[in-house]
Amino acid sequence: MVHHLIVCEKPSAARKVAFALGGGKAGRVKQGLPFYRFSRAGDTITVVSALGHLYAPVQQGSGWSFPVFNLVWKPVKNRRARAFIQEISSLAKEADSFISACDYDTEGSLIAFMVLRYACHGSDRAAKRMKFSSLTKSELISAYENASKLDVPVIMAGMTRHEVDWIFGVNISRAIMDAYSCNSGGFEVLSAGRVQGPTLSALWRRERTINLHVPDPFWTIEADLEFEPNGEVARASFCENPVLSKRRAEEIVKRCAGIRGTVSRLKEKEIAIPPPCPFNLGDLQAEAFRVFRFPPLKTQKEAERLYLEGLISYPRTVSQQLPPSIGYRRILEDLGENREYAKEVEDILRMAEAKGGLRPRQGKNTDPAHPAIYPTGISPGKLVQNARKVYDLIVRRFLSVFGPAARKTLVNIEVRAGDECFKIDGELLMDPGWMKYYKPYARAGERAVPEVKEGDGATVLRVWKNDRFTQPPPRFNQSSLLRYMERNSLGTKGTRAEIVSTLYKRGYITGSNISVTELGRGVLMVLSRHFPELTTVRMSRELEKRMEAIEEGTEDYAEVLLNAAEKAKEVFEGMVYGFEEVGAELNTVVQRLRKQKSTIGSCPHCRTGVLEVLRSRKTGKRFLGCSNYGAGCSFSAPLPQRGTIRTSGKVCSSCGFPIIAVTGGYSKTWTICINPECPSKMRA
Amino acid sequence: MDDLHKPRMPIKDEGMKCSICEAESKGELCEEHAEAEARIRDHYTTWHERMDVTWEEYLRLLEANESSGKWIREVASYLIYSGARTRSP
């Protein structure tokens, strides 16, 4: 009889594993750690859980200096995590075989390895690995019965990533914070890293292009045409759009008003639109952003929750392929039990019988560890609204990949009147194909056209010109930024959304259509002047490639780490010479930002000064004062003493004084005119 | 050597500030606003050919256009109100 200890990544995953292997036995809790113990085929099994990463790289020894390269893996500073480690450690003493059942990816492998090595007294050497893509009973039993050796190259790749990120992240953040506090005497949380830098740089390049955009004018000409004999009216556009001269556009409008022409050409072309590819994480995040406006991190969290519930397969995948081994028919039949999808499933299975099998559309991307995201078929029961939305999107995408191609007819009508030519482009959906399974998320994009034939007459009822200007490139949103990071190998599928979220948290970027803040710009300027390597994708891309090579077993962990440390050393050597300069630059940025934050608007009294939030030396209370106080403007106004004050950007409609927004204090954000004698405040 | 041909002290440009954003600059405008000005001057030919507008009209249209970049609008407004520089390029 053997006693196995199975290590899972999260408590919810441990529950699923225990229920699958132990047949639904209830769990026990020891010092806050839920663990499950049961017998299986004469063996005793204990299932324990980590809390994500229980160990992290930290500096060996104490002190705040840079550059620092001597790191060790230690328990994270979290009371609950430490209690978990203690309990796992005591349970490990009773076990004689160890199995990793963390998520089958780099992070999961590393989490289990650290627990096995440090909490389970060096048991990583003889430990085994359960490999699975979904938390369904059948897959977990099969993974347990076929557990193989630990995936050492994957673990080494994960360790390298963490250690390289630590070397760059900790040192650069310390360097810029130190430089700032030496110059200003103050403290500000500033950070930069191997992936943050190039991402911020890409955002800034886009911001710069938008800020420097000079719109050039051009004109488009449109007309309402009335067709004979049935009198149908349709909107047409001038064939030579865009027109690059205002005078010419006006002449064309004048010339075309009221003229009569004929349909000179009617062209129809049928096209097939193939079904979409199965979702990988990036595609799911992009689609959830398009359909629900969910930020990528939110989608990822909802998808991970669905995975832990056993409703979908592992979501952190880049694969766009669904292998037959997942059992298409079984999943479809299980989904068919749900009334919501029953009709679609019935339709797909009937069609498959006629065609001789189920063949999903496969994408190009593959992932050696996991297939594309698919529903497991388990009934979801009650889900919270957002999780329900993501689940429905995944199920409908899964159904649509089995659908036939949609068919569209593209119609092109050309009307000639003397030398002038107008055209109408239309799209008609002939057969929705897969789109009927992907409702309501599919975009049919139909554009109606009049029913005409060649030679039919047409009269221009109304013709006009539209003034247009060339547009700057669109700002990045969270979804397009993730796509950019993916294209440029910045970060991994699991870390990208987190990095974008950190940029928001640090105050470097803002808004859903992302713009770079003054602080973000300032930090980036400092980075590009003193650590230029950290603002280009080249270094990060190179490192990612080498880490992938470690995963494949073609590169050595120590070599890559030493190389990264060498690179980091070069960067920091340059930093030593510019230390004071970096501090001064950051100080200027932070000062400017603070001034901007404390400025409410222009002074309503002298009109030339600005109103600033000041504090009385006598009472310590805050009030608004004019920056021209020294020049003779004595305007001041009282302020609420609680909450954060910022400008609302509006002026009072009654007295013209600025309106401030106050957040926190007694209630949520509220606005108030700064004028104590404002007529709007007087009682009727 | 007469006074006229004596070497002169170079003009100190340390500590100069951009007339628009008060950032440190090597000239009247900082790097970004100087680039915006260059672009405004470059695009004037296109606008003149297409719309037959004067330099001042062009600047006013740029200042009011929502598609104009932030720095372009700031420089256009600066060029309008600093009268001496409203001459066409």
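Because the structure is predicted, anything quoted here is derived from the model rather than measured.

Moving on, we get to the state of the cysteines. All names here are of chain A. Throughout the structure, instances matching the rule amount to one disulfide over all chains. Here Cys-239 pairs with Cys-421 through a disulfide, and the sulfurs are 2.2 Å apart. Looking down the S-S bond of the Cys-239 and Cys-421 bridge, the torsion is -50°, so its handedness is left-handed. With Cys-239 in the loop between strand E11 (233-238) and helix H7 (246-256) and Cys-421 in strand E14 (residues 420-431), the pair connects residues that are 182 residues apart, well separated along the chain. Judged by relative accessible area, which is 7%, Cys-421 ranks as buried. The structure places no disulfide on Cys-120, whose sulfur is separated from the nearest cysteine sulfur, that of Cys-102, by 11 Å. Looking at the unpaired Cys-633, the closest cysteine sulfur is the one in Cys-626, lying at 3.7 Å. The buried category is assigned to Cys-633, whose relative accessible area is 6%.

So, on to the sheet that holds strand E19 (residues 610-615) of chain A. Think of a sheet as strands paired side by side through backbone hydrogen bonds, with each pair either parallel or antiparallel. Residue and element names in this part refer to chain A. Strand order in the open sheet made by the four strands is E18-E19-E20-E21, with antiparallel pairing throughout. The open sheet has two edge strands with one neighbour each: strand E18 (599-602) and strand E21 (636-638). Averaged over neighbouring strand pairs, the angle between their axes works out to 30° when direction is ignored. Note that strand E20 (residues 622-626) and E21 share three bridges and pair antiparallel. Within E21, the residue paired with Phe-623 across the bridge is Pro-638.

With that settled, the discussion passes to helix H11 (residues 339-355) of chain A. Residues and elements named next belong to chain A. Relative to the 24 Å expected for 17 residues at 1.5 Å per residue, H11 spans 25 Å between its end C-alpha atoms, a close match to the ideal helical length. Taken together, the buried positions of H11 are occupied by Tyr-341, Glu-344, Val-345, Asp-347, Ile-348, Leu-349 and Ala-352. The elements touched by buried residues of H11 are helix H10 (328-336) and helix H12 (385-400). Just downstream of H11 lies Gly-356, where phi reads positive at about 85°.

Another aspect to go through is the nonpolar core. The biggest cluster of nonpolar side chains holds 137 residues, and the ones touching the most others in it are Phe531(A) and Tyr58(B). When residues in this core are grouped by element, the largest group, 13 residues, is from helix H5 (residues 152-184) of chain A. Setting aside anything within four residues of it in sequence, one finds Tyr58(B) in contact with Val214(A), Ile40(B), His43(B), Tyr44(B), Trp47(B) and Val53(B). In this structure, Leu306(A), Leu335(A), Ala372(A) and Val390(A) belong to the second largest nonpolar core, which totals 65 residues.

Evaluation of the coordinates by the stated rule reveals 46 salt bridges over all chains. A salt bridge links Arg247(A) to Asp52(B); the nearest nitrogen and oxygen atoms lie 3.9 Å apart. One end of the pair, Arg247(A), is in helix H7; the other, Asp52(B), is in the loop between helix H1 (31-51) and helix H2 (55-64), on a second chain. Looking at Arg247(A), the relative accessible area reads 55%, which means it is exposed. The partner of Glu585(A) in a salt bridge is Arg529(A), and the shortest N-O contact between them spans 3.0 Å.

Turning our eyes to something else, we now look at the domain arrangement of chain A. Residues and elements named next belong to chain A. What the domain assignment reports for chain A is domain 1 (3-150), domain 2 (160-211 + 477-587), domain 3 (217-274 + 406-469), domain 4 (281-400) and domain 5 (603-681). For domain 1 and domain 4, the distance between their C-alpha centroids amounts to 28 Å. Contact residues are listed per partner, giving 14 residues for domain 1 and 14 residues for domain 4. Among the residues of domain 1 in contact with domain 4, Tyr-104, Ser-133 and Leu-135 are the three that bury the most area, contributing 38% of the side total. There are six residue pairs in polar contact (both at pLDDT 80 or more) connecting domain 1 and domain 4. Grouping the amino acids of the side of domain 1 that touches domain 4 by side-chain chemistry returns four nonpolar, four polar and six charged.

This brings us to the pairing of strand E12 (residues 260-273) of chain A. All names here are of chain A. Summarising the sheet, E12 and strand E15 (residues 457-469) pair through three bridges and their orientation is antiparallel. Of the residues in E15, the one forming a bridge with Thr-262 is Gly-457. Alignment of E12 against strand E13 (residues 406-417), held across 11 bridges, turns out to be antiparallel. Across the sheet, residue Arg-265 finds its bridge partner in E13, namely Glu-414.

Next up on the list: empty space enclosed by the protein. Residue and element names in this part refer to chain A. Enumeration according to the criterion identifies three cavities of 30 Å³ or more in this entry. In this model, the largest cavity occupies a volume close to 100 Å³. Going through the elements one at a time, helix H8 (281-292), helix H13 (478-487) and helix H14 (496-505) are the ones with two or more residues in the lining of the largest cavity. Element by element, the count of residues in the lining of the largest cavity is highest for H8, at three residues.

Definitions and cut-offs
- Residues numbered from 1 in each chain as written.
- Chains lettered and ligands numbered in written order.
- Predicted model: local features only at pLDDT ≥ 70, side-chain atom pairs only at ≥ 80, totals over all residues.
- Heavy atoms only, no water.
- Disulfide = S-S within 2.5 Å.
- Helix = DSSP H or I, 4+ residues; strand = E, 2+ residues; numbered from the N terminus.
- Buried < 20%, exposed > 50% of the residue type's maximum accessible area, 1.4 Å probe, protein only.
- Pairing = 2+ DSSP bridges.
- Axes fitted to C-alpha atoms, helices over the stretch in contact; angles between N-to-C directions.
- Expected span 1.5 Å × (residues − 1).
- Contact = heavy atoms within 4.5 Å.
- Core = buried A, V, L, I, M, F, W, Y, C linked by side-chain atoms within 4.5 Å.
- Salt bridge = Lys/Arg side-chain N within 4 Å of Asp/Glu carboxyl O.
- Domains from an automatic or database assignment.
- Buried area = accessible area lost by both parts, 1.4 Å probe.
- Polar contact = N/O pair within 3.5 Å; in protein donor to acceptor, adjacent residues only side chain to side chain.
- Nonpolar A, V, L, I, M, F, W, Y, C, P; charged D, E, K, R; others polar.
- 1 Å grid on protein atoms, 1.4 Å probe; cavity = no way out; pocket = protein on both sides within 12 Å on 5 of 7 lines; lining within 4 Å.
- Points joined across faces, edges and corners; volume = space filled by probe spheres on them.

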